[in-house]
Amino acid sequence: MNRVLRSVGATLASAWRLSPGRLIIAALLMMLGAVSGPLLALFLGVAVDAALDGRTDVAVWTAAAAAVSVLLSLTMEHFAHIFFFELGDLHKQDTERQLGDLAHGPVGLALHERRDAADRFELLRQQSWTLSQSVQTVLTIGVLLTQITLTAVLLARIEPWLLLLPIFGVPPLIAGRLAERRLERAELVTAESARLSWHLFELALSSTAAKEIRLFGLGGELRRRHGVVRREVDRRLRRAEWVGAALRFTGQLIFALGYIGSIVLVVRAAISGERTVGDVVLAITLAVQTNAQAAGAVALAQALQRNARAFGWLSWIRDATPPEPGPPADQTPPAVLTDGIELRDVAFRYPGTDVDVLQGLSLRIPSGTIVAIVGDNGSGKSTLVKLLCQFYRPTAGEITIDGADLRRLDPLGWRQRISASFQDYLRLELRARSSIGLGDLPRLDEPGAVERATRRADAEEVIDRLPVGLETYLGTSYDNGFELSGGQWQRIALSRSMMRDDPLLLLLDEPAAALDPLTEHALFDRYADAARDVGIRTGGVTVFVSHRFSTVRMADVILVVSDGRIVESGSHDELLALNGMYAEFFSLQAAAYR
Ligand SMILES: Nc1ncnc2c1ncn2[C@@H]1O[C@H](COP(=O)(O)OP(=O)(O)OP(=O)(O)O)[C@@H](O)[C@H]1O
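All of these numbers come straight from a predicted model, not from anything done at the bench. (Residues numbered from 1 in each chain as written. Predicted model: local features only at pLDDT ≥ 70, side-chain atom pairs only at ≥ 80, totals over all residues. Heavy atoms only, no water.)

*Asks:* Where do I start with the site of the ligand in this structure?
*Replies:* Taken together, the neighbourhood of the ligand is formed by 16 residues, with Glu113, Gly378, Lys381, Ser382 and Thr383 sitting nearest. For the ligand, a nitrogen atom lies 3.4 Å from a polar atom in the side chain of Tyr350. Separating an oxygen atom of the ligand from a side-chain N or O atom of Ser382 is a distance of 2.8 Å. If the ligand stood free it would expose 640 Å²; the protein chains cover 67% of that surface. If one sorts the elements of the shell around the ligand by residue count, helix H11 (residues 381-388) sits on top with four residues. Residues belonging to the shell around the ligand are distributed by class as follows: two nonpolar, nine polar and five charged. (Near = heavy atom within 4 Å. Polar contact = N/O pair within 3.5 Å; in protein donor to acceptor, adjacent residues only side chain to side chain. Areas by Shrake-Rupley, 256 points an atom, 1.4 Å probe, with all protein chains shown as cover. Helix = DSSP H or I, 4+ residues; strand = E, 2+ residues; numbered from the N terminus. Nonpolar A, V, L, I, M, F, W, Y, C, P; charged D, E, K, R; others polar.)

*Asks:* I would appreciate a short explanation of the packing of helix H2 (residues 20-53) against helix H3 (residues 56-104) in the present structure.
*Replies:* Working note: a packed helix pair is described by the angle between its axes plus the distance between those axes. Running from amino to carboxyl end, H2 crosses H3 at an angle of 160 degrees, the nearest separation of the two axes being 7 Å. Classed by the angle they form, the pair H2 and H3 counts as roughly antiparallel. Relative to H3, the crossing made by H2 is left-handed. Of the residues that constitute the contact of H2 with H3, the class distribution is 28 nonpolar, five polar and three charged. (Axes fitted to C-alpha atoms, helices over the stretch in contact; angles between N-to-C directions. Parallel < 35°, antiparallel > 145°, perpendicular 65-115°, else oblique. Left-handed = near helix turned anticlockwise from the far one by under 90°.)

*Asks:* In this structure, what is going on with the pattern of salt bridges? I would like to understand it.
*Replies:* It is possible for side chains bearing opposite charge to pair when their charged atoms get close. Considering all chains together, one arrives at 31 salt bridges under this definition. The residue Glu180 makes a salt bridge to Arg248 at a minimum N-O spacing of 3.4 Å. Taken as a pair, Glu180 in helix H7 (residues 170-205) and Arg248 in helix H9 (residues 219-271) lie far apart in primary sequence, 68 residues in all. Among the residues examined, Arg248 registers a relative accessible area of 25% and is labelled partly exposed. The partner of Arg465 in a salt bridge is Glu461, and the shortest N-O contact between them spans 3.6 Å. Residues joined by salt bridges that share partners form a network here, namely Asp440, Arg443, Glu446, Arg452, Arg456, Arg500 and Asp501. (Salt bridge = Lys/Arg side-chain N within 4 Å of Asp/Glu carboxyl O. Buried < 20%, exposed > 50% of the residue type's maximum accessible area, 1.4 Å probe, protein only.)

This is the structure:
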């Protein structure tokens with residue numbers, strides 16, 4: 001109940017903030033429509049009695065009033081809808097903006113990488129229409145309460161026992177709520193499968209997936225799997241809907257019994273002469289309206305539950321990433337690195353999991369050093385990169401920057417001093433100049449900055465091939481957009497990562513996976529020059545992850561990571577002399593290229 005009340009309050013507050021005028025007009029129009037129903041019953045009753053008594057004037061006037069009531073009840077809600085529609089749209093846009101803020105807001109990655117958060121984002125995406133209707137839903141509460149009160153007063157005038165009639169409206173309400181709960185549980189339980197089924201369906205539409213799907217002849221298999229998952233989701237949802245329908249039917253049956261009883265009561269009173277024919281007409285008309293009101297209340301309860309659920313998901317996401325415990329992040333990064341970066345006994349476990357993916361990591365990276373990280377898939381290389389970017393804080397141990405705890409550095413300030421490129425790089429479908437220049441937003445329009453970054457990333461050749469160079473629109477979002485190959489996109493991403501002139505940390509997490517070995521080698525040659533230049537100017541440290549040992553050997557220090565631990569470290573020659581894991585990997589790869 002609290003959840004519903006909170007969502008009602010929040011919806012009204014939001015509608016008032018967005019457009020108080022529309023809210024007031026819509027509420028007034030709805031109220032006019034709402035009172036016209038019970039008034040219609042009252043005027044009809046009086047008109048019938050006046051006609052039977054021969055009071056023509058009264059009969060005509062009350063019949064005319066009844067006609068106006070009909071007109072109002074038929075039209076007012078329609079006009080109110082125009083305002084609701086606009087308010088609903090504003091409310092939906094506002095919620096989407098909030099969702100965007102929530103998605104972009106957290107400084108870390110936990111929200112994006114949590115499965116339970118992904119479920120709620122998906123449910124909100126699917127049910128955004130609920131939010132667009134929430135203002136109307138909430139105002140309908142006032143309408144129904146007014147109608148029910150008026151109806152109750154009129155019924156009590158005829159026969160106080162008739163006041164019991166609205167009580168019969170309670171079972172349908174409770175039944176509706178139970179049914180909604182069942183559906184909600186079923187939706188949450190099936191959210192993961194629903195995501196999977198959507199993913200399998202999307203594969204059929206994706207041009208990237210089309211090649212492998214055709215090559216491996218996977219079309220039928222993917223359709224089959226999609227069908228199995230979809231059927232399972234549908235089966236569970238259908239079952240919840242059937243149980244819900246049975247519950248609702250029971251509730252309505254109880255109301256129907258009360259309804260029949262009340263009509264019998266008034267008709268008997270009229271036969272015995274205690275009530276007039278007008279009273280019977282009034283009671284029957286009101287009883288019909290009571291039924292509609294009960295049905296409206298059930299629908300309203302469902303809509304309120306849905307609204308509360310969507311509101312609950314939004315609040316859940318809002319509360320899902322509380323600020324991480326630890327010292328306040330109020331320090332700015334140093335202008336230059338003099339000492340370097342140090343990891344002391346660092347361990348890390350992803351939120352919601354029970355395995356340490358990094359353990360006991362200790363290491364000192366002196367300023368100006370180039371460090372390469374190698375290791376098996378899943379050994380923890382990218383996770384270490386995420387910790388260095390402050391996407392997560394270590395669960396144990398400490399990372400220091402020139403002796404200062406990394407947690408004390410303002411993440412946004414620290415990231416402004418990082419240049420990074422990731423294996424799952426972003427394809428920013430914009431003008432090439434912007435797609436690169438956004439790597440350092442304040443310098444997007446600085447003359448020569450984008451060109452310099454392109455040179456550092458060895459990507460001039462990619463730009464030269466574009467129809468209008470840096471001014472070319474990239475990607476399929478534009479009619480005249482130029483689509484790039486995977487490797488070309490990666491070079492654009494690399495250029496973006498080269499935009500910052502004075503980074504303290506250069507991170508390259510397999511940034512060249514889509515490039516051929518020769519290109520990667522040439523790129524890293526150039527990159528190493530840039531890194532050393534940065535090292536001299538700012539003492540900046542370079543950390544790169546690569547599976548190509550020909551590239552890795554250029555680094556000053558190579559770390560071999562296995563199962564979240566550093567198992568070997570040293571220069572290329574030192575590690576070869578050690579004749580351990582690195583030496584084995586290196587000779588295997590060298591033999592493959594020979
Ligand atoms: N968001 C996440 N939530 C839970 N576990 C995760 C998450 N991201 C990665 N992991 C787990 O952490 C471990 C290390 O993953 P990581 O991506 O750091 O490996 P990697 O060495 O970079 O692998 P690769 O060479 O394949 O890129 C893996 O076991 C992976 O399953």
